[in-house]
Amino acid sequence: MTMQPASTEITSRTAAIIQELKGLEGPLLPILHGIQEEFGHVPQDALPVIAEALNISKAEVHGVVTFYHDYRSHPAGRHVLKLCQAEACQSMGSDAIAAKLKQLLGIGFHETARDGSVTLEPVYCLGLCACAPSAMLDGEVIGRLDDEKLDEIVAEVRS
Amino acid sequence: MGLVQEIDYGTPASTSEKQVTLTVDGFTVTVPEGTSIMRASMEAGIAIPKLCATDMVDAFGSCRLCLVEIDGRNGTPSSCTTPVAPGMVVHTQTGRLKDIRRGVMELYISDHPLDCLTCAANGDCELQTQAGVVGLRDVRYGYEGDNHVFKKNDGAENFKWMAKDESNPYFTYDPSKCIVCSRCVRACEEVQGTFALTIEGRGFESRVSPGMHQLFIDSECVSCGACVQACPTATLSEKSVIKIGQPEHSVVTTCAYCGVGCSFKAEMRGDELVRMVPYKDGKANRGHSCVKGRFAYGYSTHKERILNPMIREKVTDPWREVSWEEALTHTANEFRRIQYQYGRTSIGGITSSRCTNEETYLVQKLIRQGFRNNNVDTCARVCHSPTGYGLGQTFGTSAGTQDFDSIEKTDVVMIIGANPTDAHPVFASRMKKRLRKGAKLIVLDPRRTDIVRSAHIEAQHHLPLKPGTNVAVVTALAHVIVTEGLFDEAFIRERCDWDEFQDWASFVALPENSPEVVGQLANVDPEEIRGAARLFATGGNGAIYYGLGVTEHSQGSTTVIAIANLAMATGNVGRPGVGVNPLRGQNNVQGSCDMGSFPHELPGYRHVSGDAVRDIYESLWGVKLDDEPGLRIPNMLDAAVDGSFKGLYVQGEDILQSDPDTKHVAAGLAAMECVVVHDLFLNETANYAHVFLPGSTFLEKDGTFTNAERRINRVRKVMAPTNGLADWEVTQKLAQTMGLDWNYQHPSEIMDEIAKTTPSFASVSYDYLEKMGSVQWPCNEKAPEGTPIMHISGFVRGKGKFIRTEYVATDERTGPRFPLLLTTGRILSQYNVGAQTRRTDNVMWHSEDRLEIHPHDAENRGLRDGDWVRLTSRSGETTLRALITDKVSPGVVYTTFHHPDTQANVITTDFSDWATNCPEYKVTAVQVGASNGPSEWQLDYDEQARNSRRIATLEAAE
Amino acid sequence: MIPRIYIPGDSGALALGAEKVAKAIEKELADRGIEAKIVRNGSRGAYFLEPMVEVATTDKGRVAYGPVKPSDVKSLFDSGFLTGGHHKRWLGAPDKIPFLARQTRLTFARCGLINPLSLDHYKAHGGLKGLQNAVAMAPAEIVKQVAESGLRGRGGAGFPTGIKWKTVLDTTADKKYIVCNADEGDSATFADRMIMEGDPFVLIEGMAIAGVATGATKGFVYIRSEYPHAVAMMQKAVDVAREAGLLGVNVLGSPNAFDMEIRVGAGAYVCGEETSLLNSLEGKRGVVRAKPPLPAIQGLFGKPTVINNVISLASVPIIMDKGAAFYKDFGMGRSRGTIPIQIAGNVRYGGLFEAAFGMTLGEIVDDIGGGTATGRPVKAVQVGGPLGAYFPRALFDTPFDYEAFAARDGLIGHAGITVFDDTADMLKQARFAMEFCAIESCGKCTPCRIGSTRGVETIDKIARGIEPEKQIELVTDLCNTMKFGSLCALGGFTPYPVMSAINHFRDDFKPAPVAEAAE
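Residues numbered from 1 in each chain as written. Chains lettered and ligands numbered in written order. Predicted model: local features only at pLDDT ≥ 70, side-chain atom pairs only at ≥ 80, totals over all residues. Heavy atoms only, no water.

This part covers the overall build of chain B. Helix and strand counts for chain B come out as 29 helices and 38 strands. Relative to a compact globule of 958 residues, whose C-alpha radius of gyration would be 30 Å, chain B shows 29 Å and is just as compact. Each of the three principal axes of chain B carries a C-alpha extent, and together these read 90 × 85 × 65 Å. Partitioning the contacts of chain B with sequence separation of at least 6, the portion at a separation of at least 24 is 72%. When the accessible surface of chain B is totalled, it reaches about 32700 Å², and 49% of it is carbon and sulfur. Computing the positive centroid from 97 side-chain charges and the negative centroid from 121, chain B places the two 3 Å apart. (Helix = DSSP H or I, 4+ residues; strand = E, 2+ residues; numbered from the N terminus. Rg over C-alpha atoms; globule rule 2.2 N^0.38 Å. Contact = heavy atoms within 4.5 Å. Areas by Shrake-Rupley, 256 points an atom, 1.4 Å probe, with all protein chains shown as cover. Lys, Arg positive; Asp, Glu negative; His and termini not counted. Charge placed at Lys NZ, Arg CZ, Asp CG, Glu CD.)

Let us look at the overall build of chain C. Summing up its helical and strand segments, chain C has 23 helices and 16 strands in all. Relative to the compact-globule value of 24 Å for 519 residues, chain C shows a C-alpha radius of gyration of 24 Å, a close match. Considering only C-alpha atoms, chain C reaches an extent of 75 × 60 × 40 Å along its principal axes. The proportion of buried residues among the 519 residues of chain C is 64%. Long-range pairs, those at least 24 residues apart, make up 71% of the contacts in chain C with a sequence separation of at least 6. As displayed, chain C has an accessible area near 17100 Å², and 54% of this comes from carbon and sulfur atoms. (Buried < 20%, exposed > 50% of the residue type's maximum accessible area, 1.4 Å probe, protein only.)

A word on the domain arrangement of chain B. All names here are of chain B. Parsing chain B into structural domains produces domain 1 (19-133), domain 2 (152-301), domain 3 (329-383 + 589-761), domain 4 (396-582) and domain 5 (820-947). Counting residues at the interface gives 23 residues for domain 4 and 23 residues for domain 5. Of the roughly 1900 Å² buried between domain 4 and domain 5 on both sides combined, carbon and sulfur atoms contribute 52%. Contact with domain 5 buries area across many residues of domain 4, yet Arg447, Arg448 and Glu552 alone supply 33% of it, more than any other trio. (Domains from an automatic or database assignment. Buried area = accessible area lost by both parts, 1.4 Å probe.)

This paragraph deals with the domain arrangement of chain C. When cut into domains, chain C gives domain 1 (4-101), domain 2 (119-327), domain 3 (332-421) and domain 4 (426-509). Computed over C-alpha atoms only, the centres of domain 1 of chain C and domain 4 of chain C are separated by 46 Å.

So, on to the sheet that holds strand S33 (residues 820-825) of chain B. Residue and element names in this part refer to chain B. Read around the barrel, six strands follow the order S33-S37-S34-S36-S35-S38 and close on themselves; strand pairing throughout is mixed. The mean angle between the axes of side-by-side strands here comes to 45°, regardless of whether they run parallel or antiparallel. Pairing of strand S34 (residues 850-853) with strand S37 (residues 892-896) involves three bridges; the strand directions are antiparallel. Counted as the bridge partner of Leu851 is Thr895 from S37. (Pairing = 2+ DSSP bridges. Axes fitted to C-alpha atoms, helices over the stretch in contact; angles between N-to-C directions.)

Before going further, it helps to spend a moment on the interface of chain A and chain C. Contacts between the two partners involve 41 residues from chain A, matched on the other side by 65 residues from chain C. Contact with chain C buries surface across chain A, with A:Glu25, A:Phe67 and A:Glu87 losing the most and accounting together for 20% of the total. At the boundary of chain A with chain C, the tally comes to three salt bridges. Here A:Asp95 makes a salt bridge to C:Lys428, at a shortest N to O gap of 2.6 Å. Breaking the side of chain A that touches chain C down by element, the ones donating at least two residues are helix H2 (28-39), helix H4 (58-67), helix H5 (87-90), strand S5 (140-142) and helix H7 (147-158) of chain A. (Salt bridge = Lys/Arg side-chain N within 4 Å of Asp/Glu carboxyl O.)

A separate point is the packing of aromatic side chains. Think of a pair of aromatic rings as described by two things: how far the centres are apart, and how the planes are tilted against each other in angle. Scanning the entire structure with this criterion turns up 44 aromatic pairs over all chains. On the basis of an interplanar angle of 65° and a centroid distance of 5.1 Å, the ring pair of B:Phe501 and B:Phe802 is categorised as edge-to-face. Of this pair, B:Phe501 sits in helix H15 (residues 498-508) while B:Phe802 sits in the loop between strand S32 (774-776) and S33; the two residues are 301 residues apart in sequence, bridging distant segments of the chain. With a relative accessible area of 5%, B:Phe802 lands in the buried category. On the basis of an interplanar angle of 75° and a centroid distance of 5.4 Å, the ring pair of C:Tyr65 and C:Phe81 is categorised as edge-to-face. With C:Tyr65 in strand S4 (residues 61-65) and C:Phe81 in the loop between helix H3 (73-78) and strand S5 (90-92), the pair connects residues that are 16 residues apart, well separated along the chain. In terms of burial, C:Tyr65 and C:Phe81 fall into one category: buried. Grouping aromatic residues by their ring pairs yields a cluster made of B:Tyr170, B:Phe171, B:Tyr173, B:Phe216, B:Phe295 and B:Trp845. (Phe/Tyr/Trp six-rings, centres within 6.5 Å; stacked < 30°, edge-to-face > 60°.)

Once that is clear, we can look at the environment of A:Ser57. Within the fold, A:Ser57 resides in the loop between helix H3 (46-54) and H4. Owing to a relative accessible area of 2%, A:Ser57 belongs among the buried residues under this scheme. Each residue touching A:Ser57, except ones within four places of it in the same chain, is listed here: A:Ala51, B:Thr194, B:Phe195, B:Glu220 and B:Ala455.

All right, on to the interface of chain C and chain B then. Contact with chain C, which involves 32 residues of that partner, is made by 35 residues of chain B. Summed over both sides, the interface of chain C with chain B buries roughly 2700 Å², with 53% coming from carbon and sulfur. C:Glu440 is the partner of B:Arg202 in a salt bridge, and the nearest nitrogen-oxygen pair spans 2.7 Å. Put simply, chain C and chain B have 19 residue pairs in polar contact (both at pLDDT 80 or more) between them. Secondary-structure elements contributing two or more residues to the side of chain C that touches chain B are helix H17 (426-440), helix H18 (446-449), helix H19 (451-463) and helix H20 (468-485) of chain C. Take the side of chain C that touches chain B: its biggest share by element is eight residues, from H20(C). Its residues placed into classes, the side of chain C that touches chain B shows 12 nonpolar, 11 polar and nine charged. (Polar contact = N/O pair within 3.5 Å; in protein donor to acceptor, adjacent residues only side chain to side chain. Nonpolar A, V, L, I, M, F, W, Y, C, P; charged D, E, K, R; others polar.)

Turning our attention to the nonpolar core. With 189 residues, the main nonpolar core has C:Trp165 and C:Val221 as its most contacted residues. When residues of this core are assigned to their parent elements, the largest contribution, 10 residues, is made by helix H10 (residues 200-214) of chain C. Setting aside anything within four residues of it in sequence, one finds C:Trp165 in contact with C:Ile142, C:Val143, C:Val146, C:Ile209, C:Ala210, C:Ala213, C:Thr214, C:Val306, C:Asn308, C:Leu313 and C:Val316. Core analysis: the next-biggest nonpolar cluster, separate from the first, contains 67 residues, B:Val180, B:Cys184, B:Ala284 and B:Ala543 among them. (Core = buried A, V, L, I, M, F, W, Y, C linked by side-chain atoms within 4.5 Å.)

Moving on: the environment of B:Glu313. By the secondary structure assignment, B:Glu313 is in the loop between strand S14 (310-311) and strand S15 (320-321). Between the alpha carbons of B:Glu313 and B:Asp497 there is a distance of 60 Å; along the sequence they are 184 residues apart.

Structure representation (structure tokens):
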């Protein structure tokens with residue numbers, strides 16, 4: 001697992017992101033996206049810095065961060081695999097796909113493999129409903145999942 | 001009696017003048033446009049079920065109990081969020097609505113504990129009430145499902161369950177009882193303006209979170225209590241209610257803390273105070289409160305409260321408890337002896353800004369009628385005496401021009417030398433609400449106070465001026481307005497003396513008053529001064545609020561005049577949204593000034609030299625009154641040191657701690673032969689007293705307080721005085737013992753005498769106050785309903801008077817020995833000398849006075865945050881711990897004065913306002929250095945204080 | 001002439017390996033020393049043929065091949081595909097492919113044809129004419145034309161777009177906004193994604209027209225974070241449009257100012273609800289706001305705001321180009337124009353099918369979709385995403401029309417259709433509807449916040465055979481509470497899939513046989 005940066009470092013890197021984005025109208029989500037991109041998660045220590053810069057309360061920032069499922073409180077694994085679990089994929093057997101993948105990776109949804117290789121998450125629709133079942137690995141889309149593709153995915157995240 | 005029940009209309013009132021008529025369940029009701037269906041129904045007496053709606057906050061529409069059906073419209077809209085429309089036909093109770101409501105309630109209760117019988121809110125729980133209202137009979141989901149109620153589900157840890165947060169000393173947060181209505185979150189945002197609460201997570205996991213999932217005490221919460229008041233369940237509960245139970249009767253009274261004068265319901269069980277709940281009909285606070293008024297009443301039953309009279313020969317003796325009769329006889333004899341021995345003017349008294357108008361009136365009457373001199377003064381001397389002088393000279397009255405509601409119409413707020421979020425928090429919340437809605441803000445203050453920048457509030461201009469330069473900077477604002485032609489000529493020509501204006505204008509236009517010159521000496525960017533001036537002159541309704549940062553200077557009166565000039569020049573007097581408004585420090589500063597507490601004025605600000613005025617009292621009181629002004633507090637102390645002043649009656653004030661130059665005060669008191677302290681506690685002044693008369697709290701007596709907006713509010717007795725006598729009774733007994741023919745049966749009779757003798761109070765009586773709730777003076781034949789806004793059609797003095805405001809720098813200067821400027825002030829959780837608040841759990845927020853110092857100044861001295869430092873001035877020295885912050889500018893340090901062991905006033909000098917002697921607390925040249933312990937003076941003081949507080953234990957034989 | 005090869009860069013095609021195909025073609029071109037231009041177009045929406053590679057030939061026009069695998073590439077070249085040569089993947093002229101030929105492509109006219117980032121392509125295929133017309137008109141005239149076209153919000157609610165615009169036009173304010181709801185979270189829907197990835201300028205044009213029509217000067221496109229490719233494409237397109245003067249202080253040289261920004265969501269389905277989307281854009285928790293006030297009067301940052309779905313806005317340019325009557329001519333009843341039906345799930349011919357309103361559900365599923373991909377019988381079709389009802393075959397005569405679906409306790413929503421074969425367990429689907437609501441509930445209103453969780457639990461009891469009839473009654477009551485009591489469509493429409501599953505597929509809710517329970 002990667003070491004989490006020290007709080008002063010978080011503060012200064014956060015401040016730089018805020019500086020770049022605070023001129024936007026409604027800058028909080030873009031800032032949080034920027035922070036997550038920078039650190040791989042939204043560190044708790046970044047929240048007061050944002051609150052101070054945007055002149056809102058720490059409570060408000062906390063309320064926003066915890067509302068959106070995208071924002072992680074802890075770093076994810078080296079790879080993030082999102083498996084669609086919505087209806088179109090269900091109709092094409094996404095349940096079985098999920099079960100198989102969980103077994104192959106040895107983790108459940110919202111979990112990270114012990115070696116930090118991969119975090120598995122459910123996602124509700126990737127807009128690939130005519131190519132179900134689908135998944136997204138590190139931002140790249142994969143459709144018509146089958147056993148063969150699952151094996152490829154597992155090999156890739158383990159490599 | 002019973003509980004004072006206030007109707008909750010569910011949503012705030014609409015201010016529209018247009019009326020709309022609709023039908024609710026067959027009844028016709030007419031309400032202002034913009035009113036919600038819920039409120040309109042309530043006006044018609046039809047209570048629609050609700051949980052998330054309350055009229056203190058805007059409609060939210062989350063609970064879904066208040067749904068209604070409207071003819072011609074689809075669906076079941078929520079009545080709280082749907083405004084009325086002309087001719088609308090609303091049904092609040094149909095089969096469909098019943099089913100939905102019962103269904104919603106079934107869901108609520110499926111995630112709520114069923115411990116109603118042992119719940120603190122039992123009997124005062126809206127969830128319980130509404131469950132009854134909708135006829136819930138069964139929860140078919142069972143209780144084994146997902147929940148926030150049980151610590152364990154089937155033996156397994158329930159991670160959704162959260163432990164009760166008891167970190168706040170006054171209330172608890174029990175997440176297991178939360179119905180996520182967001183009322184607390186919204187109250188914190190909309191009413192208080194702190195934004196300390198949020199909902200964290202989403203969906204079923206949504207929970208109320210203080211700060212970032214912190215304990216309340218660690219969050220941004222300021223403990224104002226708005227959330228507790230808003231909570232419909234036991235989720236947020238006063239600890240006192242948990243301990244005692246639900247109150248059974250209540251009395252509306254007025255808070256005894258700051259000058260906002262909030263109305264509260266004192267909710268009682270028998271003679272035990274259960275809680276103080278802000279009263280929505282209170283016109284000063286409109287249902288809001290702060291941590292002091294809401295919660296910090298515990299001092300009234302604190303174990304250190306003195307309940308028996310005490311006397312002693314010498315201040316080095318221990319106290320001896322005596323009967324009231326002995327104490328009063330002793331006092332009367334001593335005063336008479338001293339007068340016989342040293343002359344009529346050798347004694348005097350100090351009235352209290354914390355006691356009622358009636359009590360204050362009696363003390364000054366005792367002095368004038370009984371002592372036969374004018375040696376009466378009050379603590380307003382040390383805070384707002386320059387307001388009286390400055391506004392009296394320019395406008396003709398010694399008071400603020402507006403009511404608090406006026407802020408709602410203000411476009412530009414200018415705050416000078418005031419820290420409203422700490423010192424006047426409830427008004428600050430109203431101010432912040434207006435600022436969030438778009439009003440602009442200008443702040444003149446050496447410190448970056450919270451109002452300058454805090455969540456959702458940011459001043460357009462903050463002028464962090466050097467302490468002592470108010471006159472120069474305010475005059476520079478005028479310079480810009482005059483030289484740039486931004487003044488309101490029509491207003492000035494109509495309301496003021498044009499020649500005087502021109503004279504003043506030519507003065508302020510001088511180059512030495514320009515922002516460029518003044519900016520140099522005040523350490524302020526000239527462009528900021530120009531920007532602020534332009535904004536104030538052109539931004540719409542401009543209102544100035546100021547505090548002790550204006551008055552407590554050697555040129556305090558001059559600054560008040562400069563402020564009045566600025567308001568007149570911009571036409572900002574005499575209508576809603578504008579004006580000049582001193583923020584009064586103590587609950588009854590205004591009242592104590594009104595009641596003739598000054599040595600030169602009889603009640604109603606009438607000079608003692610006026611024969612006609614003296615006639616009124618002479619004929620009523622049957623004595624000849626002195627036509628020469630008496631001694632002010634500092635003069636009394638000087639005279640005492642000189643040996644000509646020997647006896648003092650001090651009611652409810654702690655001059656040793658609150659007055660400047662503590663050593664001089666101590667010397668003066670030590671030189672007297674009979675110092676009588678009438679107070680709740682053995683305060684610092686009592687260390688030098690010979691007689692101690694126990695006082696009563698505001699809960700124990702009837703009377704009135706007059707707040708900063710001149711509002712006369714009733715103080716009502718909610719319990720019997722623990723010491724046996726209300727303060728007015730003590731003063732009356734002392735007067736009787738001294739041979740005066742007083743015979744008041746009730747404070748209302750005192751008010752009747754005030755009304756009879758004081759034109760501005762002519763129509764005031766307890767009966768009238770009962771009817772009106774409260775009134776603002778002047779209240780007389782000309783203004784039967786009182787006067788919310790003054791100088792509407794002309795200034796009280798006739799023409800508004802422009803007066804030149806020459807800037808004269810204070811004699812207190814920095815130099816190599818004392819390179820920093822100390823300024824002092826308050827903090828939210830503590831009040832004044834702290835005698836009350838230090839005896840409550842408010843100490844959790846502020847247990848010591850700290851010295852705020854800028855990082856640069858700290859670094860130069862090798863100081864770290866929390867270090868003990870020695871603070872030295874020409875007057876004295878003390879030690880306290882440093883707090884490193886950039887809220888103060890480099891070169892400026894700041895501390896509060898709430899704790900006697902710090903004694904900030906050992907440091908302050910005896911410089912004072914040229915006109916009124918108001919001490920210059922706000923500017924003291926000091927040096928700060930590392931320290932390894934308390935100063936010698938502190939050690940001596942501590943020992944002396946401990947010795948002088950000894951009370952002789954009663955003999956076993958007695 | 002250098003041959004041009006079209007390989008879709010649309011994420012649907014990418015998910016099926018378009019990138020690998022592109023690489024293989026590039027390599028093959030290099031290996032064979034052939035000079036050709038590769039254009040990454042959008043998808044035409046026939047996903048059962050993706051990756052569908054097209055070659056522009058001089059004599060036969062465009063010729064399509066698909067679905068192409070990287071392993072096919074060599075043989076494609078061998079078969080002379082650059083000149084339209086025959087191959088087992090040969091499909092012929094794309095617009096002759098029945099799935100595409102049967103469509104009425106108005107909104108998606110260019111999607112899959114052009115390079116999405118080429119303004120020249122866009123203009124060459126009729127782009128910008130609508131905006132050019134609009135800037136020459138008075139705002140009220142534009143609004144009138146949109147109103148007369150009969151265009152209704154394609155996001156699901158079907159509210160007349162013209163009325164929304166008129167309210168914003170008639171509300172005076174110092175600033176107004178156009179917000180495009182591109183938070184396409186419904187399962188079975190991908191029309192928004194396809195437009196953004198395949199023809200982003202049509203959305204930009206539509207938003208600019210909305211700005212000119214209402215006096216709004218700033219637009220936001222709020223795209224869900226699950227669509228990284230759409231985000232990237234829109235961002236690039238906005239940059240191109242700004243560079244070309246299509247956005248900026250003088251839109252197409254007119255005195256109208258309009259600029260726009262792309263914003264990305266953060267994983268909240270409920271932000272597809274317009275008021276929570278506005279909260280999210282403002283940087284707040286994406287909770288639903290009560291209406292009134294309408295966003296058209298007090299929307300983003302309290303200012304009058306047009307908030308429309310991607311397809312609604314993307315349909316505006318053609319209305320402004322060809323006129324209200326042209327558009328209105330398509331459709332049936334009060335549902336005018338065309339609708340991009342997205343056929344998904346267990347279906348043979350999955351993809352986007354733009355057609356006038358009025359086809360029956362049966363035609364769509366059986367004729368166009370070709371039945372299930374598994375070849376088993378169709379058991380149920382969910383129309384309108386996770387909040388839409390499950391329709392049994394018995395209701396396949398329902399015409400695709402807002403009112404007709406509503407009359408049968410269903411909704412069109414964003415026009416997504418998920419096909420299930422006979423292995424589907426409708427109790428499980430009903431449970432999932434509640435579970436999805438629980439996962440995505442904003443938590444503001446009680447029926448949705450608590451009701452969805454209780455719904456899951458109660459359906460679980462049915463599955464376990466615990467007093468099933470009583471539980472079905474309870475679920476029915478709960479659905480009533482949620483339907484009429486919820487603040488927004490998430491809680492309010494979740495009862496549709498649940499109750500339709502119970503009503504139409506009651507057998508799936510029968511208690512498990514005792515013998516099984518004993519096991």
